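# Architecture at a glance
Listed below, chain by chain, are the residues.
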Amino acid sequence: MTRFLVVLTDVRPPAGGGRDERTSPERRRQVVGAHSREAADRIAGAFMALGMVRAGRQRVKVIAVGRRPRHPAF
């Protein structure tokens, strides 16, 4: 089963080489788990209504975790 995380992060100014979320991720403000994409989208929509997100100081990310491969290996 695929689970989803909805993450609210602070936006930081881009460094000289750009952003690399794998080596230096943005600071997390809130993390919420959801069992379906629809639930994750509803939570993300609520976060997007926040003033800090609308002003561009925070961002919302929906991340799929625990994905199973489409074609099982035999």
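## Some thoughts on the side chain of Q58
- Mapping Q58 onto the fold places it in strand 3 (residues 58-65).
- What makes Q58 buried here is its relative accessible area of 10%.
- In terms of polar contacts, Q58 uses its side chain to reach the side chain of D10, at 3.5 Å.
- With near-sequence residues (within four places) excluded, Q58 lies in contact with L8, T9, D10, V11, R29, M52 and V53.

## Remarks on the side chain of K61
- Structurally, K61 is set in strand 3.
- Within the local environment of K61, its side chain forms a polar contact with the side chain of E26, the two groups lying 3.2 Å apart.
- Not counting residues within four places of it along the chain, the set of residues in contact with K61 comprises L5, V6, V7, T9, E21 and E26.

Parameters at a glance
- Residues numbered from 1 in each chain as written.
- Predicted model: local features only at pLDDT ≥ 70, side-chain atom pairs only at ≥ 80, totals over all residues.
- Heavy atoms only, no water.
- Helix = DSSP H or I, 4+ residues; strand = E, 2+ residues; numbered from the N terminus.
- Buried < 20%, exposed > 50% of the residue type's maximum accessible area, 1.4 Å probe, protein only.
- Polar contact = N/O pair within 3.5 Å; in protein donor to acceptor, adjacent residues only side chain to side chain.
- Contact = heavy atoms within 4.5 Å.

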